[in-house]
Amino acid sequence: MKRLLILVTALALLATSAFASRAKTARLQVIHNAADPAAAVVDIYVNGELLLNDFAFRAATPFIDVPAGVQLNIGVAPGTSSSSADILATIPVTLQKGKIYVAIANGVLDPNAFASNPENKSIGFTLFAKDKMREKATWRRNVDLNIFHGATDAPAVDVRVTGKYSWNLVSGLSYGEFSGYKDVSPRQYQINITPAGDENTVVAAYQADLTGLAGGAAVVFASGFLNPAANQEGAAFGLFAALPNGTVIELPQVTTARLQVIHNAADPAAEMVDVYVNGGLLLDNFAFRTATPFVDVPAGTPLEIGVAGSNSANASEALATFTVTLTPGRTYVAMANGVLDPNGFAENPDGLPIGFSLYPQEGIAEKSPYGHLVNLVAFHGASDAPTVDVVPQLGKVRIPIFNDLSYGSFSERRLLPAWKYILDVTPGGDNKTVVASFVADLRGLAGGAAVVFASGFLNPSANGDGSAFGLFAALADGTVLELPAASATETAVAKLDNSLPSEFALDQNYPNPFNPTTTISFSLPTPSDVSLKVYNVIGQEVASLVEGPMGAGAHTVQFDATNLSSGIYFYRLTAGGVTQSKKMSLLK
């Protein structure tokens, strides 16, 4: 309140002065984002008059009317100043009548005493003024964000929205630059800051809750130092949002990832293990073919994971140690697999290493994006088995849902109707030779997710009489289900239970928006000649995904738009005399 009263008083003085007599004004918000500890609190003078007293770092004024059409000499002085004679730096600005500005005070007073900018940008204290700013959204259902890069020791960055849908909100933003406005829906987002062009290296991740800002606008500014120790122990890097009323909100940093651990090492000597993380016991007597639920674990820092015998006393007795660094906000499965002494076990037919290891995989879902489908990922964990396909028995149709899966690898995610299936495991590329068949009853898992993993040995007698080959499914809550071997009777029953779709249906692609791949699902009640094509907004065909006969049932097709530019596209299904179309968005 004190600051606002001083602000109003100072502006009143300006308004009655000679240069303001023409009543020309602009709208202005000032944000203090200079992370130099010597500028933690400053006084702001305009044409020699005190405007802001004790203006704190990471604070903002509301938007106010200020004189336009004349030069304003904005001076910055220490918070202890007694008059304009104490000004440390003066920045002249001239604002235009009727325009809306944000001015961000940024940089350091003595650049020689701070880390230089990686792109050699000038980091001296200055005022970054930007016009065409907004006090509210252009559309009342959205939130308008303008992002400013104010971290002097940070390189150019991308600001990436991740989660159910992922896209670059801003690309290649350098120090001292505004992004321009981005219109987004008022939802909760995770925002990753990554080096420009490198979405896999996350500098920091933040939660942005925009649910209460519909119709509003904000300036989101990167603030502080990536390396405080090299910058006079100034404030650490963070993301903040200044609202039009002067409220500044710190976006909470995401410091954890979600992780599920599955024990699938079939070596009899590792049937029961203890798992340590950074020297502390995480899992005691962790049994073969069991799983943890998804839990929050530290992210962004190395985790030293040690696996020891079940009678271990501490982490020093670990049989194997692995170091992993998880990305904040992402979801992982870590599969413990292999054998302790590869020389005592059958070799992998594809020549792949079978030693005990930890196989982490990110991007694992804890639930399905659609309530009627099940989200599945498969893992090949049978060390003596070759590359395989997993093929559901659906009449005469023999299309793998998991294709060319080799030992130690995860499949892509697949969305399946919540039916009862018979799954045939076949050699990769040979879907007529069935190695084994299993019953997968997904009827109770609609809207859920699971990791299906091949486990054990095809030939136990050549592998220390370890457990025989089988298929298992780990659910998100840690439950592990064994998929029973299918009998001839069960195969017939499952085929009857898999009631075919009653009509032609084209589902919305997932994810949407996407970059650069997405999945398109559709259903056929009868065998049909199928055409599935993709078009741009002016009706030009850009891809033909399916052209030919297909069997009845549910089908999924992957669309790779690597060679296409960002924008709106349409995909059209024609089958059985029926044509359906849907829209999708490619965001790169």
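Residues numbered from 1 in each chain as written. Predicted model: local features only at pLDDT ≥ 70, side-chain atom pairs only at ≥ 80, totals over all residues. Heavy atoms only, no water.

Peer 1: Honestly, the overall build of the protein chain in this entry has me stumped. Any pointers?
Peer 2: Across its full length, the protein chain carries two helices and 44 strands. Referenced to the eigenvectors of the C-alpha coordinate spread, the extents of the protein chain come out at roughly 95 × 70 × 35 Å. Counting the 588 residues in the protein chain, one finds 51% classified as buried. If you take every contact in the protein chain between residues at least 6 apart in sequence, the share linking residues at least 24 apart comes to 67%. Within the structure as shown, the protein chain displays about 25,500 Å² of accessible surface, and the carbon and sulfur contribution to it stands at 51%. In the protein chain, 36 side chains carry a positive charge and 50 a negative one; their mean positions are 16 Å apart. (Helix = DSSP H or I, 4+ residues; strand = E, 2+ residues; numbered from the N terminus. Buried < 20%, exposed > 50% of the residue type's maximum accessible area, 1.4 Å probe, protein only. Contact = heavy atoms within 4.5 Å. Areas by Shrake-Rupley, 256 points an atom, 1.4 Å probe, with all protein chains shown as cover. Lys, Arg positive; Asp, Glu negative; His and termini not counted. Charge placed at Lys NZ, Arg CZ, Asp CG, Glu CD.)

Peer 1: How do you make sense of a nonpolar patch on the surface when you look at a structure like this?
Peer 2: A cluster of nonpolar residues, Val537, Ile538, Ile568 and Phe570, forms a patch on the protein surface that exposes about 370 Å² of accessible area. Mapped onto the secondary structure, Ile538 falls in the loop between β40 (528-536) and β41 (541-550). On the basis of relative accessible area, Ile538 is assigned to the exposed category, the value being 64%. (Patch = residues over 30% accessible without salt bridge, like charges linked within 9 Å, V, L, I, M, F, W, Y side chains within 5 Å. Salt bridge = Lys/Arg side-chain N within 4 Å of Asp/Glu carboxyl O.)

Peer 1: What exactly am I supposed to notice about the sheet that holds strand β6 (residues 71-78) here?
Peer 2: Across a sheet, paired strands are connected by hydrogen bonds in the backbone, their directions being either parallel or antiparallel. As summarised here, the arrangement of the four strands in space is β3-β2-β6-β7, forming an open sheet in which the pairing is antiparallel. With one partner strand each, in any of the chains shown, β3 (49-56) and β7 (89-94) form the two edges of the open sheet. Strand-to-strand, the axes of this sheet are offset by a mean angle of 25 degrees, without reference to chain direction. Bridging between strand β2 (residues 41-46) and β3 involves five bridges; their strand directions are antiparallel. Residue Val41 lies in a different strand from β3, and its bridge partner there is Ala56. (Pairing = 2+ DSSP bridges. Axes fitted to C-alpha atoms, helices over the stretch in contact; angles between N-to-C directions.)

Peer 1: Please clarify how the pattern of salt bridges should be interpreted in this entry.
Peer 2: A side chain with one charge may pair with a side chain of the opposite charge, provided their charged atoms come close. This model, assessed by the stated rule, comprises 12 salt bridges. Linking Asp65 and Arg27 is a salt bridge whose minimum nitrogen-to-oxygen distance equals 3.3 Å. Of this pair, Asp65 sits in strand β5 (residues 64-67) while Arg27 sits in strand β1 (residues 25-32), and the two are 38 residues apart along the sequence. Overall, Asp65 belongs to the partly exposed group, its relative accessible area being 44%. Exposure remark for Arg27: the relative accessible area of 24% places this residue in the partly exposed category. For the salt bridge of Arg258 with Asp296, the shortest nitrogen-to-oxygen distance reads 3.3 Å. Of the two residues, Arg258 sits in strand β20 (residues 256-263) while Asp296 sits in strand β24 (residues 295-298), which places them 38 residues apart along the sequence.

Peer 1: Mind showing me how you'd approach the packing of aromatic side chains here?
Peer 2: Centre distance and the angle of the planes are the two values used to describe a pair of aromatic rings. Counted according to the given criterion, the structure contains 16 aromatic pairs. Seen in terms of ring centroids, Tyr370 and Tyr510 are 5.9 Å apart; in terms of plane orientation they differ by 75 degrees. Their pairing is edge-to-face. Taken as a pair, Tyr370 in the loop between β28 (357-362) and β29 (373-380) and Tyr510 in the loop between β38 (505-506) and β39 (517-524) lie far apart in primary sequence, 140 residues in all. Members of the aromatic cluster, connected to one another through ring pairs, are Phe128, Phe148, Tyr175 and Phe178. If you follow Arg572 out to its NZ or CZ, it ends over the ring of Tyr535, 4.7 Å from the centre. (Phe/Tyr/Trp six-rings, centres within 6.5 Å; stacked < 30°, edge-to-face > 60°. Lys NZ or Arg CZ within 6 Å of the ring centre and 35° of its normal.)

Peer 1: Got a minute to help me understand the sheet that holds strand β33 (residues 420-427) in this structure?
Peer 2: In space, the four strands of this open sheet follow the order β31-β30-β33-β34, with antiparallel pairing throughout. Two strands close off the open sheet at either side, each with one partner strand: β31 (402-405) and β34 (436-441). Direction aside, neighbouring strands of the sheet carry axes that sit 25 degrees apart on average. Sheet topology note: the β33/β34 ladder contains six bridges and is antiparallel. Paired with Asp424 across the two strands is Ser437, which belongs to β34.

Peer 1: Would you explain the confidence of the model for the protein chain in this entry?
Peer 2: Low pLDDT means the predicted atomic positions in that stretch should not be read closely. For the protein chain, per-residue confidence averages 89 on the pLDDT scale, and residues scoring 70 or more make up 92% of the total. Confidence drops under a pLDDT of 50 for residues 1-22, and excluding neighbours within four residues, the segment shows 34 contacts in the predicted structure. Scored below 50 in pLDDT, residues 492-498 makes 10 contacts in the model with residues more than four places away or belonging to other chains. (pLDDT = per-residue confidence, 0-100.)

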